[in-house]
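Letter by letter, the chains look like this.
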Amino acid sequence: MYSKIHILGASGSGTSTLGRALAEHLPHLHLDSDDYFWEHKYTKQTEINERLRTIQRDLDQKEPWILSGAVCGWGDGLRPWFDLVVFLWIPGEIRLERLRGREALRYGAESLPGGSMFNEVQSFMEWAALYDTAGPEVRSRVLHEEWMSQLQCPVLRLEGDMTVEERVKAVLKEYNAEPKYNYFQ
């Protein structure tokens, strides 16, 4: 049984969605790295020492847990805390389409040309598009692969355009658990 599960992947790959879904089937609390990384969501980062202090306190006090979202770089010292890492990858065109939809829902007309968030959304989308081609200087597959190569725990790779249900089943199989709800049929 794994009590400290970490899920990582590119922005838009479904790490938070899978974390929430797994928490419905396991006795684990779902935590998301964005809640530690951002002081004000997507505009102001939390200072790194405060971020680490808070996440370490929560991970230490709330076991079992599932932590979704990447902590590469700022959370490298957390590697030994994980007893299972789940890596998600989906084709870039699908991931970017998901992100465009998410940003449109998040910001509405403000994300469109002339809107107050248009430039920020465009910059974010350009950054997100780099995931499969950039080097380790940004949040990329290269960075994630290097980061995972230093793990001491098992890594479950879920690659391709899988449904949330398929991903949950795969993790539960690795976990040796049955789905709590039988709505995956």
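Overview of the structure. In this text, all values refer to a predicted model and were calculated from it rather than measured experimentally. (Residues numbered from 1 in each chain as written. Predicted model: local features only at pLDDT ≥ 70, side-chain atom pairs only at ≥ 80, totals over all residues. Heavy atoms only, no water.)

### Regarding the overall build of the protein chain
From N to C terminus, the protein chain includes seven helices and seven strands. Scanning the protein chain from its N terminus toward the C terminus, one meets helices and strands in the order β-α-β-α-β-β-α-β-β-α-α-α-β-α. Against the globule reference of 16 Å for 185 residues, the protein chain gives a C-alpha radius of gyration of 17 Å, in line with a compact fold. Going through the 185 residues of the protein chain one by one, you find that 45% of them count as buried. Here the protein chain has roughly 9700 Å² of accessible surface; of this, 51% comes from carbon and sulfur atoms. Averaging the positions of the 21 positive and the 28 negative side-chain charges in the protein chain gives two centres separated by 2 Å. (Helix = DSSP H or I, 4+ residues; strand = E, 2+ residues; numbered from the N terminus. Rg over C-alpha atoms; globule rule 2.2 N^0.38 Å. Buried < 20%, exposed > 50% of the residue type's maximum accessible area, 1.4 Å probe, protein only. Areas by Shrake-Rupley, 256 points an atom, 1.4 Å probe, with all protein chains shown as cover. Lys, Arg positive; Asp, Glu negative; His and termini not counted. Charge placed at Lys NZ, Arg CZ, Asp CG, Glu CD.)

### A look at the sheet that holds strand E1 (residues 4-9)
Taken together, five strands build an open sheet; the order of strands is E2-E5-E1-E6-E7 and the sheet is parallel. Each edge of the open sheet carries a strand with a single partner, namely strand E2 (29-32) and strand E7 (155-159). Each adjacent strand pair in this sheet contributes to an overall mean axis angle of 20 degrees, direction not counted. As paired strands, E1 and strand E5 (residues 65-68) are joined by four bridges and run parallel to one another. Note that in E5 the partner of Ile7 across the bridge is Ser68. Across the sheet, helix H1 (residues 15-23) lies against E1, E2, E5, strand E6 (84-89) and E7, angled at about 155 degrees from E1, the strand it touches most. (Pairing = 2+ DSSP bridges. Axes fitted to C-alpha atoms, helices over the stretch in contact; angles between N-to-C directions. Contact = heavy atoms within 4.5 Å.)

### Section: the pairing of E7
Burial along E7 is one-sided: the residues Leu156 and Leu158 are buried and none of Val155, Arg157 and Glu159 is. For E6 and E7, the ladder comprises five bridges, and the chain directions are parallel. Bridge pairing in E7 places Val86 opposite Leu156.

### With respect to unusual backbone geometry
In the segment running from Glu63 into Pro64, the intervening peptide bond is cis, with an omega of 0 degrees. Relative to the helices and strands, Pro64 is located in the loop between helix H3 (48-61) and E5.

### A closer look at the side chain of Arg51
Residue position: Arg51 is located in helix H3. Among buried Asp, Glu, Lys and Arg side chains, Arg51 stands out as unpaired, with Glu47 the closest opposite charge at 7.4 Å. Here Arg51 is in contact with Tyr36, Phe37, Gln45, Thr46 and Trp74, once residues within four sequence places are set aside. (Salt bridge = Lys/Arg side-chain N within 4 Å of Asp/Glu carboxyl O.)

### Section: the packing of H1 against helix H7 (residues 164-175)
Remark: H1 packs on H7, axes separated minimally by 10 Å, with the N-to-C direction vectors making an angle of 60 degrees. Here H1 is positioned oblique relative to H7, judged by the angle of their axes. With respect to the hand of their crossing, H1 and H7 are arranged in right-handed fashion. Along the contact surface, H1 presents Thr17, Leu18, Ala21 and Leu22, while H7 presents Val164, Arg167, Val168, Val171 and Leu172. Looking at side-chain class alone, the contact of H1 with H7 contains seven nonpolar, one polar and one charged residues. (Parallel < 35°, antiparallel > 145°, perpendicular 65-115°, else oblique. Left-handed = near helix turned anticlockwise from the far one by under 90°. Nonpolar A, V, L, I, M, F, W, Y, C, P; charged D, E, K, R; others polar.)

### Comments concerning the pairing of E5
As a general feature of sheets, a regular strand has side chains that alternate between the two faces. Judged by which residues are buried, E5 turns out to be covered on both faces: Trp65 and Leu67 on one side and Ile66 and Ser68 on the other are all buried. Here E2 runs beside E5; their pairing, made up of four bridges, is parallel. Within E5, the position partnered with Asp32 by the bridge is Ser68.

### Observations regarding the packing of aromatic side chains
Going through the model one piece at a time under the given rule, you end up with six aromatic pairs. Where Phe37 meets Trp38, the ring centres are 5.0 Å apart and the plane angle is 80 degrees; that geometry is what we call edge-to-face. With a centroid separation of 6.2 Å and 55 degrees between ring planes, the pair formed by Phe82 and Trp147 is classed as tilted. One end of the pair, Phe82, is in the loop between E5 and E6; the other, Trp147, is in helix H6 (residues 141-148), and 65 residues separate them in sequence. With a relative accessible area of 2%, Trp147 lands in the buried category. Chaining the aromatic ring pairs together yields one cluster made of Phe37, Trp38 and Trp74. (Phe/Tyr/Trp six-rings, centres within 6.5 Å; stacked < 30°, edge-to-face > 60°.)

All quantities given are derived from atomic positions and should not be read as evidence of function.
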